[in-house]
Amino acid sequence: MGGDSQTAAPTRAEVLSWLSLKGADREALYRRADAVRRERKGDEVFIRGIIEFSNVCANDCLYCGIRRSNGKVRRYRLPADEILGVARQMTGWRQTTVVLQSGEAPSAAGDRELGEVIRRIKAETGLAVTVSVGNRPREVYARWRECGMDRYLLRFETSDPALFARLHPDCTLDERLRCLRDLRDLGVQAGGGFMIGVPGETRETLADNLLLCRELELDMVGIGPFIPHPDTPLGAEPNAYADDPDMFFVALAALRLVHPRAHIPATTAFDAVFPGTGRNLALKRGANVFMPNNTPGERRGDYLLYPNKPCVDENAGQCAACVVMRLRSLGRTIGEGPGHAEG
Ligand code: 5AD
Ligand code: FES
């Protein structure tokens, strides 16, 4: 097992002991994670703007608000020129990476069009391009790589294969891990991660999720609380840590300790659970990346993976200004380069 040449992997028992800390010991864990973040990543925070360019999805993941069976969703796909228009504004907002995210809807025409969008963004802006559109055959990833794709985000959601199968009628954990392996082989920086507290998860599952991030040598790891969406089969299932939501930060701090070299975003779902403060606290407890929403304002209400998503009434320019203020108030600086992962 590798993932970090500078530190030994913690044992499962050690990770489990972190996950059961309470009170002052929990606060000490947060401080330790913050110190490791500062030592390994510095005070720079990289801002990666997300464009949710389509909510069309062929899958029926039990937790997700834009699953194909949710007939209440107004489906959209942004035209290439509109995506380019947002990307061109981003350097003025001090954002060096664009994240192109959508539902998982593989199609020859759509995948070709996305390749062209990647190519145009690389040619017309200096941005690094991250793609997050789900499982694909290796050849498709290879084509996007040739178009200039730098990174890919694909969460494995849970390390428990049986739980994964229950949550994902259209996919297996093995297939998901195959995608991540292919991406790494192709020289694409790979990001993974999981939801914290999906129904059926135990603390042991959570410990294994954290260890898997390191074992897979992920360059980026996004984790965030599971939030029940009323229009999904899991709408009435509470988060496994509903009686102790600070566990979401415990998981984040533990992630920084398990996998110190990873880029770890303060994910949007933290703000859904702790409005206005969640992402700031995440940045103080291990995170070093912020991913503001760059989706055009009029589409935001149609990309609700979970309820209470923040910034639905804002537009991209407002979020861009907000994140700069947030970082300043935390005494952090803004990452200037592309912010590629350490080797
Ligand atoms: N609650 C929290 N996170 C969710 N995601 C999807 N649905 C939910 C939900 N109900 C997360 C998944 C996915 C990412 C894009 O959003 O982890 O990989
Ligand atoms: Fe969107 Fe603050 S990040 S308004």
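Note: the structure precedes this text.
Residues numbered from 1 in each chain as written. Chains lettered and ligands numbered in written order. Predicted model: local features only at pLDDT ≥ 70, side-chain atom pairs only at ≥ 80, totals over all residues. Heavy atoms only, no water.

Asks: Can you help me understand the pattern of salt bridges in this one?
Replies: When the charged atoms of two side chains with opposite charge come close together, those side chains can pair. Taken as a whole and assessed by the stated rule, the structure comprises 27 salt bridges. For Asp-60, the salt bridge goes to Arg-68, with nearest N and O atoms at 3.5 Å. For Asp-60, a relative accessible area of 8% gives the class buried. When salt bridges that share partners are traced, they join Arg-138, Glu-175, Arg-178, Asp-182 and Asp-185 into one network. (Salt bridge = Lys/Arg side-chain N within 4 Å of Asp/Glu carboxyl O. Buried < 20%, exposed > 50% of the residue type's maximum accessible area, 1.4 Å probe, protein only.)

Asks: Looking at this model, I keep getting lost on the pairing of strand β3 (residues 128–132). Mind explaining?
Replies: Successive residues of a regular strand alternate their side chains across the two faces of the sheet. Within β3, 5 of the 5 residues are buried, which leaves the element mostly enclosed by the surrounding structure. At this point the chain moves from strand β2 (residues 97–102), through helix α4 (residues 108–124), to the parallel β3, and the crossover so formed is right-handed. The pairing of β3 with strand β4 (residues 151–153) spans 2 bridges and is parallel. Residue pairing across strands places Thr-130 opposite Arg-151, the latter belonging to β4. (Helix = DSSP H or I, 4+ residues; strand = E, 2+ residues; numbered from the N terminus. Right-handed = clockwise from strand over helix to strand, strands pointing away. Pairing = 2+ DSSP bridges.)

Asks: Hey, could you run me through the packing of aromatic side chains in this one?
Replies: For any two aromatic rings, the description comes down to two numbers: the centre-to-centre distance and the angle of the planes. The full count for this structure, using the stated rule, is 6 aromatic pairs. Measuring from ring centre to ring centre gives 6.5 Å for Trp-144 and Tyr-152, while their planes differ by 15°; the resulting arrangement is stacked. When its relative accessible area of 0% is taken as the criterion, Trp-144 is described as buried. Ring pairing ties together the aromatic residues Tyr-141, Trp-144 and Tyr-152, which thus form one cluster. (Phe/Tyr/Trp six-rings, centres within 6.5 Å; stacked < 30°, edge-to-face > 60°.)

Asks: So what exactly am I meant to see when it comes to the nonpolar core here?
Replies: For soluble globular proteins, the rule of thumb is that nonpolar side chains tend to be buried together. Ranked by size, the top nonpolar core spans 96 residues in total, and within it Leu-100, Ile-121, Trp-144 and Tyr-152 carry the most contacts. Looking at which element gives the most residues to this core, the answer is helix α9 (residues 247–258), with 11 residues. Excluding its chain neighbours within four sequence positions, the residues that come into contact with Leu-100 are Ile-51, Phe-53, Ile-83, Leu-114, Val-117, Ile-118, Ile-121, Val-129, Thr-130, Val-131, Ser-132 and Val-133. Core analysis: the second largest hydrophobic core is formed by 6 residues, Ile-50, Val-99, Leu-153 and Val-289 among them. (Core = buried A, V, L, I, M, F, W, Y, C linked by side-chain atoms within 4.5 Å. Contact = heavy atoms within 4.5 Å.)

Asks: How should I be thinking about unusual backbone geometry in this particular structure?
Replies: Excluding glycine, residues mostly have negative phi values, and the peptide bonds linking residues are mostly trans. Despite not being glycine, Glu-217 has its phi angle at roughly 55°, a positive value. For Glu-217, the position within the fold is in the loop between α8 (203–215) and β6 (220–225).

Asks: Explanation requested: helix α12 (residues 316–329) in the structure shown.
Replies: Given 3.6 residues per turn, any residue in an α-helix points the same way as the ones three and four places further on. Between its first and last C-alpha, α12 extends 20 Å over 14 residues, near the 20 Å set by a 1.5 Å rise per residue. Listed as buried for α12 are Ala-316, Cys-319, Ala-320, Val-323, Val-324, Arg-326 and Leu-327. End-on, the buried residues of α12 take up no more than an arc of 160°, which puts them together on one face. More than 90 degrees from the buried face of α12, the exposed residues found are Met-325, Arg-328 and Ser-329. Near the N-terminus of α12, the side chain that reaches the backbone nitrogen of Gly-317, with its oxygen 3.1 Å away, is that of Asn-315. Of the residues flanking the end of α12, it is Gly-331, one or two places downstream, whose phi is positive at about 75°. (Expected span 1.5 Å × (residues − 1). Arc of directions from axis to C-beta. Polar contact = N/O pair within 3.5 Å; in protein donor to acceptor, adjacent residues only side chain to side chain.)

Asks: What am I meant to see in the site of ligand 1 here?
Replies: Taken together, Tyr-63, Cys-64, Arg-155, Glu-157, Met-195, Pro-225, Phe-226, Ile-227, Leu-305 and Tyr-306 make up the full set of residues near ligand 1. Within the side chain of Glu-157, one N or O atom sits 2.5 Å away from an oxygen atom of ligand 1. Here a nitrogen atom of ligand 1 sits 2.8 Å away from a polar atom, N or O, in the main chain of Ile-227. Summarising the interface, the protein chains cover 86% of the accessible area of ligand 1, which totals 400 Å² for the free molecule. The class makeup of the residues in the shell around ligand 1 is 8 nonpolar, no polar and 2 charged. (Near = heavy atom within 4 Å. Areas by Shrake-Rupley, 256 points an atom, 1.4 Å probe, with all protein chains shown as cover. Nonpolar A, V, L, I, M, F, W, Y, C, P; charged D, E, K, R; others polar.)

Asks: Teacher, can you tell me more about the pairing of β2 here?
Replies: Along β2, 6 of the 6 residues are buried, which leaves the element largely enclosed by surrounding structure. Of the two faces of β2, the one carrying Thr-97, Val-99 and Gln-101 and the one carrying Val-98, Leu-100 and Ser-102 are both buried. Where strand β1 (residues 44–54) meets β2, 6 bridges bridge the pair, whose relative direction is parallel. Paired with Ile-50 across the strands is Val-99, a residue of β2. For the crossover from β1 across helix α3 (residues 80–90) to β2, the handedness is right-handed. Both β2 and β3 contribute to a ladder of 5 bridges, which runs parallel.

Asks: Even after reading the chapter, I still don't get the environment of Glu-14, so can you show me in this structure?
Replies: For Glu-14, the location among the structural elements is in helix α1 (residues 12–19). Taking the relative accessible area as the measure of exposure, Glu-14 reaches 35% and is therefore partly exposed. Once the C-alpha coordinates of Glu-14 and Pro-230 are considered, the two residues, 216 residues apart in sequence, prove to be 36 Å apart.

Asks: Would you take a moment to explain the environment of Leu-216 for this structure?
Replies: As for its position among the elements, Leu-216 is in the loop between α8 and β6. Leu-216 sits in the partly exposed class, given a relative accessible area of 21%. Not counting residues within four places of it along the chain, the set of residues in contact with Leu-216 comprises Phe-156, Leu-177, Leu-180 and Arg-184.

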